[in-house]
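Fold and geometry: a report
These are the residues of each chain, in order.
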Amino acid sequence: MRYILFLYAAIAFVVLAAGSIILPDWAMFLFAMALAKGLVCLGIVAMMRGGVVSFGQGLYYCIGAYTATLAANLWGVSDIFALTLFSSVVCLIVGMIFGPMLATYRGIFFAMLTLALSMVLYGTLSKMSVIGGSDGLNIGSPTFLGWAPEGRDLQTALYIYVVAIVVITGTLMRIYFDSEQGLITLATRDNELRVEYLGASVRKVMAYNYTFAAVLGGLGGTIAVVALGHVDPEFAFWTTSGEFVFVAILAGYMSVPAVFVAAIILEVVRSFSNLYFPNTWQLSLGIFLLIVIVTLPNGLGSLLSRRKGGKT
Amino acid sequence: MSAGVLEVRDVQKSFGAVTAAKDISVSVPKGAIYSLIGSNGAGKTTFVNMVTGYIKPDSGEINFGSRNIAGLAPRLITRLGIHRSFQIAQLCNELTVEENMLLAGAIHHDERLSFFRHAHSADARERAMATLERFHIAEHRNRLIPELSGGVKKLLDIAMAMAGETQVMLLDEPTSGVAADEKFPIMDLVIEALRAEGVTVIFVEHDMEIVTRYSERVLAFYDGQIIADDTPDEVLLDEKVQRYVTGGPA
């Protein structure tokens, strides 16, 4: 079964990467940002499969972005691979610290604690003038294993890099979701007592998912800051986290591609709503989400998944 | 009395002013089939919950082999080989019957659960199907739990508990919520499967026909204490048991 997954991944990479030939710069930027945010949302989906939703995933989006920016500004690291790896490791460590602590909480308590952590970071960064305070920091253009493209080439290279990260990460997460641990995550969402009495640790399951989500958040934040060239504490603000939850609900928990499709839809709807209804674009987004919830209660992913049952 | 596979010694448990277990001492030999009887609130489920780690006793010892398991987490007790089923079948409603079985198989098969090994691999499905067939519920493999009858749910609950290397099985009211005509076929199936593997069985039951038919020894509970511990015939003739548990001769 795995070879089919790898085949789909290869096709997805080729199709998405081919977009760099036909897409204008603005569209490549929009897609790169959408896919970067999709990575963060994929982390939320991983947690949703276990029955919890983080309202504070902006925490790792922000940590990833600031880590990459500080590594670039303080130590002169410009290679995007090194920046991505470094940010991911930092987020992994932070996730491994908070994951076991949060793994005992469920429902609104989990959601509010994750939100609180992200808002603590937001408040702290806003007051720390040494790293830009509320104005944030800028980051220079990245290099790719020593290659320093500019203009359209930079945009293309960055876009293809994002596509590669998304395809690799998405494939790995699909493998995880289909694995024994993935099945236990789904069972945990359903009946924790049963899982414990079969001999598995629900707390570990929750901690793993939280930690994976942290790494995905860091990846998304790194790509976003490199694409934007700027980071500020708003990355950790609750509205940013809310946007990630919006995408996760839109996508549902059944399908990995649906997460990225939902992220792209959100970016496109927001961009065009902003253009045509600058004062009421949030209203357009709200109506759009309502329509999706009413017509597809299990999210867009239910269209792509053969799985029966389940609720978002 | 020779040392049993499960030795419970002087176990006590109180919930505030209510004493749910008073000086409970039992020795269950390997491969034996015990039943627990008693009216509601007598302490049967508290006993099962203490042995399986859901409740920590206030004092006393619960020895399984050479290890005192009192107060251990349920998952650690399960890992040691003491498994249980529930009065209300505990299943994952959003998963199919086969997936519930795959879940049990995955957890029991290997202590180190894989992030990569496919949960629906051919091997795993074969193992799951073999267990489902053994409990005569393979035909339901693609159905979700809410679509099943009470009897099938009970069998699946027990089958999941049996997926690992079970040494002691505690069944909490295995026939509650099951249609009257399904009770004996279900018990025949379950007891036969457990006997075949030499599993020690302790089951909670209110139906005295089932108690006399399937158990070798009966523990009668009243007010948190064991008031009789003998063969079914002897226990059911016991004066205290007739007064406090059965309400008359069986």
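By the naming in an unreviewed UniProt entry, chain A goes by Branched-chain amino acid ABC transporter permease and is assigned to marine sediment metagenome.

Before going further, it helps to examine the overall build of chain B. Looking only at helices and strands, chain B has nine helices and ten strands in total. For a compact globule of 250 residues, the expected C-alpha radius of gyration is about 18 Å, and chain B comes in at 18 Å, within 12% of that figure. Each principal axis of the C-alpha atoms in chain B carries an extent, and together these give about 55 × 40 × 35 Å. Out of the 250 residues belonging to chain B, those deemed buried represent 55%. Contacts in chain B between residues at least 24 apart in sequence constitute 66% of all its contacts with a sequence separation of at least 6. For chain B, the exposed area adds up to about 10800 Å²; of that, 46% sits on carbon and sulfur atoms. Averaging the coordinates of the 25 positive side-chain charges in chain B and doing the same for the 35 negative ones gives two points 5 Å apart.

Moving on, we come to unusual backbone geometry. Here the phi dihedral of His 136 of chain B falls at roughly 60°; this positive angle occurs in a residue that is not glycine. Tracing the backbone shows His 136 of chain B in the loop between helix 4 (122–134) and helix 5 (150–161).

With that out of the way, let us pick up the UniProt feature "transmembrane region" (unreviewed entry) in chain A. Residue and element names in this part refer to chain A. The positions that UniProt labels "transmembrane region" (unreviewed entry) are, in the present scheme, residues 27–46, 58–75, 81–100, 107–125, 158–177, 207–229, 244–269 and 281–300. Counting secondary structure, residues 27–46 comes out at 100% helix and 0% strand; the distance between its end C-alpha atoms is 28 Å. The annotated region residues 58–75 carries 100% helix and 0% strand content, and the separation between its end C-alpha atoms amounts to 25 Å.

Residues and elements named next belong to chain B. Taken together, six strands build an open sheet; the order of strands is 6-7-8-3-9-10 and the sheet is mixed. This sheet does not close on itself; its edge strands, each paired only once, are strand 6 (82–85) and strand 10 (225–230). Ignoring which end each strand starts from, the neighbouring axes of this sheet average 20° apart. In terms of strand pairing, strand 9 (residues 217–222) meets strand 10 through five bridges, oriented antiparallel.

Contacts between chain B and chain A engage 38 residues on the former and 32 residues on the latter. It is Arg 75, Glu 94 and Phe 115 of chain B in chain B that bury the most area against chain A; as a group they hold 24% of the surface buried on that side. Between Arg 117 of chain B and Glu 180 of chain A there is a salt bridge whose closest N-O contact spans 2.9 Å. Scanning the region where chain B abuts chain A turns up 19 residue pairs in polar contact (both at pLDDT 80 or more). Residue assignment for the side of chain B that touches chain A shows that the elements contributing at least two residues are helix 2 (74–80), helix 3 (97–109) and helix 5 of chain B. For the side of chain B that touches chain A, the leading source of residues is helix 3 of chain B, giving seven residues. For the side of chain B that touches chain A, the residue count by class is 18 nonpolar, eleven polar and nine charged.

All right, on to helix 3 (residues 58–75) of chain A then. Residues and elements named next belong to chain A. The end-to-end C-alpha distance of helix 3, which contains 18 residues, comes to 25 Å, matching closely the 26 Å that a straight helix rising 1.5 Å per residue would cover. Burial analysis of helix 3 places 14 of its 18 residues in the buried class, which makes it a mostly covered element. Downstream of helix 3 by one or two residues, Gly 76 has phi in the positive range, about 70°.

Okay, a nonpolar patch on the surface next. A contiguous nonpolar patch, built from Tyr 3, Ile 4, Leu 7, Tyr 8, Ile 11 and Val 15 of chain A and spanning about 670 Å² of accessible area, is present on the exposed surface. The exposure class assigned to Val 15 of chain A is exposed, which follows from its relative accessible area of 55%.

Now for the pattern of salt bridges. By the definition in use, this model includes 22 salt bridges over all chains. Measuring nitrogen to oxygen at the nearest pair gives 3.8 Å for the salt bridge that ties Arg 75 of chain B to Glu 196 of chain A. Of this pair, Arg 75 of chain B sits in helix 2 while Glu 196 of chain A sits in helix 8 (residues 192–198), each in a different chain. Residue Arg 75 of chain B is classed as partly exposed on the basis of its relative accessible area, which comes to 25%. The salt bridge involving Arg 243 of chain B is made with Glu 239 of chain B; its shortest N-O contact spans 3.1 Å. Separated by four residues within a single helix, Arg 243 of chain B and Glu 239 of chain B lie in helix 9 (residues 239–246), roughly one turn from each other. Residue class for Arg 243 of chain B comes out exposed when judged on its relative accessible area of 51%. What you see here is one network of salt bridges that share partners, running through Lys 37, Glu 243, Glu 267 and Arg 270 of chain A.

For the rest of this paragraph, the subject is the nonpolar core. Leu 103, Phe 135 and Leu 156 of chain B are the most contacted members of the largest nonpolar core, which totals 148 residues. Top element by residues in this core is helix 2 (residues 25–48) of chain A. It accounts for 16 residues. Excluding anything up to four places from it in sequence, Phe 135 of chain B contacts Leu 155, Ile 158, Ala 159, Met 162, Leu 189, Val 190 and Ala 193 of chain B. Val 26, Leu 72, Ile 82 and Val 168 of chain B belong to the second largest nonpolar core, which has 29 residues in total.

Moving on, we get to the packing of aromatic side chains. Two numbers describe a pair of aromatic rings. These are the distance of the centres and the angle of the planes. With the rule as written, the count across this model stands at 20 aromatic pairs over all chains. With centroids separated by 6.3 Å and ring planes inclined at 90°, the aromatic side chains of Phe 110 of chain A and Tyr 210 of chain A adopt a geometry described as edge-to-face. Highlighted residues: Phe 110 of chain A in helix 5 (residues 107–127) and Tyr 210 of chain A in helix 9 (residues 202–228), separated in sequence by 100 residues. Neither Phe 110 of chain A nor Tyr 210 of chain A differs from the other in exposure class; each is buried. Both rings, one in Phe 144 of chain A and one in Trp 147 of chain A, keep their centres 6.1 Å apart while their planes meet at 55°; by these two values the pair is tilted. By relative accessible area, which is 9% here, Phe 144 of chain A ends up buried. Taking relative accessible area as the criterion, Trp 147 of chain A reaches 46% and is therefore assigned partly exposed. Every member of this aromatic cluster is reached through a ring pair, and the members are Tyr 176, Phe 177, Tyr 208 and Phe 212 of chain A together with Phe 115 of chain B.

With that settled, consider the pairing of strand 7 (residues 168–172) of chain B. Residues and elements named next belong to chain B. Counting buried residues along strand 7, five of its five residues qualify, which places the element largely inside the surrounding structure. Where burial is concerned, the two faces of strand 7 agree: the one with Val 168, Leu 170 and Asp 172 and the one with Met 169 and Leu 171 are both buried. Relative to strand 7, strand 6 runs parallel, the two sharing four bridges. Following the sheet pairing, Arg 84 is matched in strand 7 by Leu 170. Of the pairings in the sheet, the one linking strand 7 to strand 8 (residues 200–204) comprises five bridges and is parallel in character. Following the sheet pairing, Val 168 is matched in strand 8 by Thr 200. A crossover links strand 7 with its parallel partner strand 8, the connecting element being helix 6 (residues 180–196), and its sense is right-handed.

Conventions used here
Residues numbered from 1 in each chain as written. Chains lettered and ligands numbered in written order. Predicted model: local features only at pLDDT ≥ 70, side-chain atom pairs only at ≥ 80, totals over all residues. Heavy atoms only, no water. Helix = DSSP H or I, 4+ residues; strand = E, 2+ residues; numbered from the N terminus. Rg over C-alpha atoms; globule rule 2.2 N^0.38 Å. Buried < 20%, exposed > 50% of the residue type's maximum accessible area, 1.4 Å probe, protein only. Contact = heavy atoms within 4.5 Å. Areas by Shrake-Rupley, 256 points an atom, 1.4 Å probe, with all protein chains shown as cover. Lys, Arg positive; Asp, Glu negative; His and termini not counted. Charge placed at Lys NZ, Arg CZ, Asp CG, Glu CD. UniProt positions renumbered as here; feature names shortened; annotations may be inferred. Pairing = 2+ DSSP bridges. Axes fitted to C-alpha atoms, helices over the stretch in contact; angles between N-to-C directions. Buried area = accessible area lost by both parts, 1.4 Å probe. Salt bridge = Lys/Arg side-chain N within 4 Å of Asp/Glu carboxyl O. Polar contact = N/O pair within 3.5 Å; in protein donor to acceptor, adjacent residues only side chain to side chain. Nonpolar A, V, L, I, M, F, W, Y, C, P; charged D, E, K, R; others polar. Expected span 1.5 Å × (residues − 1). Patch = residues over 30% accessible without salt bridge, like charges linked within 9 Å, V, L, I, M, F, W, Y side chains within 5 Å. Core = buried A, V, L, I, M, F, W, Y, C linked by side-chain atoms within 4.5 Å. Phe/Tyr/Trp six-rings, centres within 6.5 Å; stacked < 30°, edge-to-face > 60°. Right-handed = clockwise from strand over helix to strand, strands pointing away.

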